[in-house]
Each structure stands twice: as C-alpha cells, then as structure tokens.
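# Coordinate analysis (summary)
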Amino acid sequence: MVKVEETTRACVHTNTLIVLRTADVEGKRRNSGGDPVTATLTYNGRERRDGDEHDDQLNPPVSVSDMGDGTYHIVFRVNSAGEYTLDVSIFGRPVRNSPLTIRVSSHQTMLWEAKADFNQPVRVAVAQPNNTFYILDTGNNRVRVLKSSGEVQRDISAACLEGGSAVGMALLPESSIALLNWKTRSLSIINAQAQPVKSIVFSEFQYPIDLAVDERGRFLVADTLKIFVLDSSLRPVFSFPANDANQHQTITCVAVGIDDDILVGTTSSLLLFDGGGRLQRKIAISPPETTTKSTVTCVATCPLSSRVVCGVVDSRTNRAELSVSSYKGDFLFRIDSKGGRLRRPSGLALSPEGHVFCVDHPTNSLRMYKFR
C-alpha cells in the first residue's frame, strides 16, 4: 500500500516537494526502498504533443529520489501558475491518491513569521547546525537570539550596541560576533559572553552602513561612497568605489559572493566585484521591461544554487519585494510577499533548504519565504 501527499506549498519558480510513503500489505510503514517509482506531471491534464511549442510547460521535468526508508521524494519546479496533474506509479500501476491535482500559485507567500518584541531590526544571521537566529535589534540596543522555532533563547548586550546605531553584524568562529556602529564609526568584535575582544575607530569611515566577513576572514565594510576591505586583524587593506559605467551610485549594502566575490547593492543596481574590488558585472534585479529604478536594501548569495536574493524597493511606487537572480546576472523572479507585504527588507539570511529569512524594519518581524 502506498500513499502520495503534497507537503509544500506549490508556487512558481520554486521546488514543490511531494512525498510518497509506502507500507506493506498489513498497512505497516516500510523502512526500505528499492521500488521502481515513476512520476509524470502534466499541465491541465494535457499530454505532450510533437512539435508543441509549449512542451516544457505541458510536461515539466520531475525528479524522484529514493530516501531508502520507504519514502520517495518527488520534486518539480514550474514557471507557469495553474492546475497540474501528477501521476505516480510503481511497476506501472497508479499508487493511492494518484493522480494528484496540484494548484500552483503565482505568488510567493510568507511561510513563517516571528515577532519577538523587535524594535527596528536591521540584520539577521543564521548559525548552523541548529538554525539559531541572531537578530541585530538596533532599537533595543541588543542582539536577540532565537531558536529555530522563533522562541527567544537569550539577548546579547554590549557597549558597541548602545545608542541605537548598530547597523552591521557578522557571525565569526567560536560564537564571536562582529558589529558595526555608524555613529561611533567603529567596528567591534565581542565573544560568546559579550565581552569585547577588539575594536577600531576608522577615520576614513564617513557613514558606515553594512558589514560582511568572507571565507578568508576579511571584513567588508560598506560606506555610502566606498567599500573598505580590512584583514582579519582589522587592519585596512584597500577600498574601492561602487561604479557602473563610470556613474556614481550611493552604496546601500554589501555581502560575500561565491569564491569571496563581493556583492554591492546601491540606490539603483546590484554589482558584482571580484575579491580585489574589480567590477565583474551588473546583476539584473528587475524584468527587462521594467522602466523604474529600484534601491537594493540587502543581499545574500546561495552557493548551492548560484542564486542571489536581494531586497528591493521601487523608487516610484515604494513597493518592497525580494528579487531572485542568477549569479551569472539574469533576473529570475520576484517574491511579492502577498498576504503579508514587506515594507522595507533590511537583512537577509539563506538556508541550504532553499529558504530566505528576512528582517523587515517597519513591521519589526522576521519572515521566511522560499527562493528555490
């Protein structure tokens, strides 16, 4: 006896997971695999026709993974909303609940939200392997640590968090935390007990706004006009402006890319630099037909999927969304957050499972969406 069931919300551009569970003739769940499971997905029940220009839409590819414990993961991703039919068979015979009707939404809705008495949260980081959230809760002069469930675990307070002016945060080895303060123009490191380890005040900082740390241990500090690169001992190494076609742009955020590339968000674009500060390309954050500019408010990279996620705010409508692009530079889609609109995404963290965690400054919340 087998049963197939939908386990994730079906949305365009992201993976939908269907789980097939098998049991023996007595109805007891099996704990071994090896069955020849096949799955076929069709759009509106229509079969593939030779020469049909919409083949990829009518019969999208489906993957079946034997988990070795009596369950099988069936995964597909489609780019068109609508109704699909999933046929699942073993030994050529349909399983229970097959065919399964799946309605794919055009909207990427919020999957989870935590409101833990935040006041102007501006950054989020996720510590593995327990998915512990670190929220830079600037208005409360603290870093609030949440369990994966959203329950408050503890609060971290330190002198470098005072004044409601901490704007950047990065997790370091051995549970240390790097913190950037725009008012004091300081970059500080505290240990797991919130005791100061090292701190610098850098006179060249004009208005420091964001912080990231790459795999080499270098500190990347975003100022409104330059990106400053400091070594692991907080000694300045070099700096570079964010220029696109020799046009000046105001910097808004910074993040680490693949192989220690540097992603820089600005008031009108998302730029990719190599580790030496040389411009590589511009990453599209809007569909080609878009005429208005968007400000990039935060950005993060997923090395597993080579996707880039960034918060964007339309300069004309002031509408906030999350934009998903390929690392090669192509725009893929927008997460419109229908049902719980984002207003000013200020910090992002990505999980290996394909989730993006976003702190939204005006709504004082931490939210989760799917980006792949």
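This text follows the structure it describes.
Note that the coordinates shown come from a computational prediction; the quantities given were computed from them, not determined experimentally. (Residues numbered from 1 in each chain as written. Predicted model: local features only at pLDDT ≥ 70, side-chain atom pairs only at ≥ 80, totals over all residues. Heavy atoms only, no water.)

## Points about the layout of surface pockets
In this structure, the largest pocket spans a volume of roughly 1300 Å³. Taken together, 45 residues form the lining of the largest pocket, with A125, L171, V213, E215 and V256 sitting closest to its centre. At the level of elements, β10 (121-127), β14 (166-171), β17 (196-201), β18 (210-213), β24 (251-256), β28 (294-302) and β32 (345-350) are the ones that each hand at least two residues to the lining of the largest pocket. Residue composition of the lining of the largest pocket, by class: 29 nonpolar, eight polar and eight charged. Taken together, 19 residues form the lining of the second largest pocket, with V122, R123, V167, I209 and S346 sitting closest to its centre. For the lining of the second largest pocket, the secondary structure elements donating two or more residues are β10, β14, β28 and β32. In the lining of the second largest pocket, the residues fall into eight nonpolar, nine polar and two charged. (1 Å grid on protein atoms, 1.4 Å probe; cavity = no way out; pocket = protein on both sides within 12 Å on 5 of 7 lines; lining within 4 Å. Points joined across faces, edges and corners; volume = space filled by probe spheres on them. Helix = DSSP H or I, 4+ residues; strand = E, 2+ residues; numbered from the N terminus. Nonpolar A, V, L, I, M, F, W, Y, C, P; charged D, E, K, R; others polar.)

## Concerning the environment of R278
Tracing the backbone through its elements, the reader meets R278 in the loop between β26 (270-273) and β27 (279-283). Assessed through its relative accessible area of 54%, R278 is described here as exposed. A sequence separation of 147 residues divides R278 from N131, and the C-alpha atoms of the two residues are 34 Å apart. Filtering out sequence-adjacent residues up to four positions away, R278 remains in contact with L272 and F273. At 2.9 Å, the side chain of R278 forms a polar contact with the side chain of D274. (Buried < 20%, exposed > 50% of the residue type's maximum accessible area, 1.4 Å probe, protein only. Contact = heavy atoms within 4.5 Å. Polar contact = N/O pair within 3.5 Å; in protein donor to acceptor, adjacent residues only side chain to side chain.)

## So, the pairing of strand β29 (residues 307-314)
Summarising burial for β29: eight of the eight residues are buried, a large majority. Burial along β29 is two-sided: the residues R307, V309, G311 and V313 and V308, C310, V312 and D314 are all buried. Two strands pair when backbone bridges link them, and β28 and β29 are joined in this way by eight bridges, in the antiparallel orientation. In the strand pairing of β29, V296 is matched with V312. The turn joining β28 and β29, which pair antiparallel and follow one another in sequence, is formed by four residues; a positive phi near 55 degrees is taken by S306. As judged from the seven bridges shared by β29 and strand β30 (residues 320-326), these two strands associate in the antiparallel manner. Residue pairing for β30: V308 is matched across the bridge by S325. Linking two consecutive strands that pair antiparallel, namely β29 and β30, is a turn of five residues; a positive phi of about 65 degrees is found at N318 within it. (Pairing = 2+ DSSP bridges.)

## Notes on the environment of D336
Structurally, D336 is set in the loop between β31 (331-335) and β32. Taking the C-alpha atoms as reference points, D336 and A127, separated by 209 residues in sequence, lie 27 Å from one another. Beyond its immediate stretch of four places on either side in the chain, D336 contacts H107, Q108, R319, E321 and R341. A polar contact of 3.5 Å, which involves the side chain of D336, links it to the backbone nitrogen of Q108.

## Some remarks on the nonpolar core
Within the largest apolar cluster, 21 residues are counted, with the highest numbers of intra-cluster contacts made by L20, L86, V88, I102 and V104. Among the secondary structure elements, those contributing two or more residues to this core are β2 (16-22), β3 (37-43), β5 (71-76), β6 (82-90) and β8 (100-104). (Core = buried A, V, L, I, M, F, W, Y, C linked by side-chain atoms within 4.5 Å.)

## Some remarks on the environment of L350
Mapped onto the fold, L350 is located in strand β32. Sequence separation between L350 and V299 is 51 residues, and the spatial gap between their C-alpha atoms is 10.0 Å. With near-sequence residues (within four places) excluded, L350 lies in contact with A300, T301, C302, V309, H355, V356 and F371.

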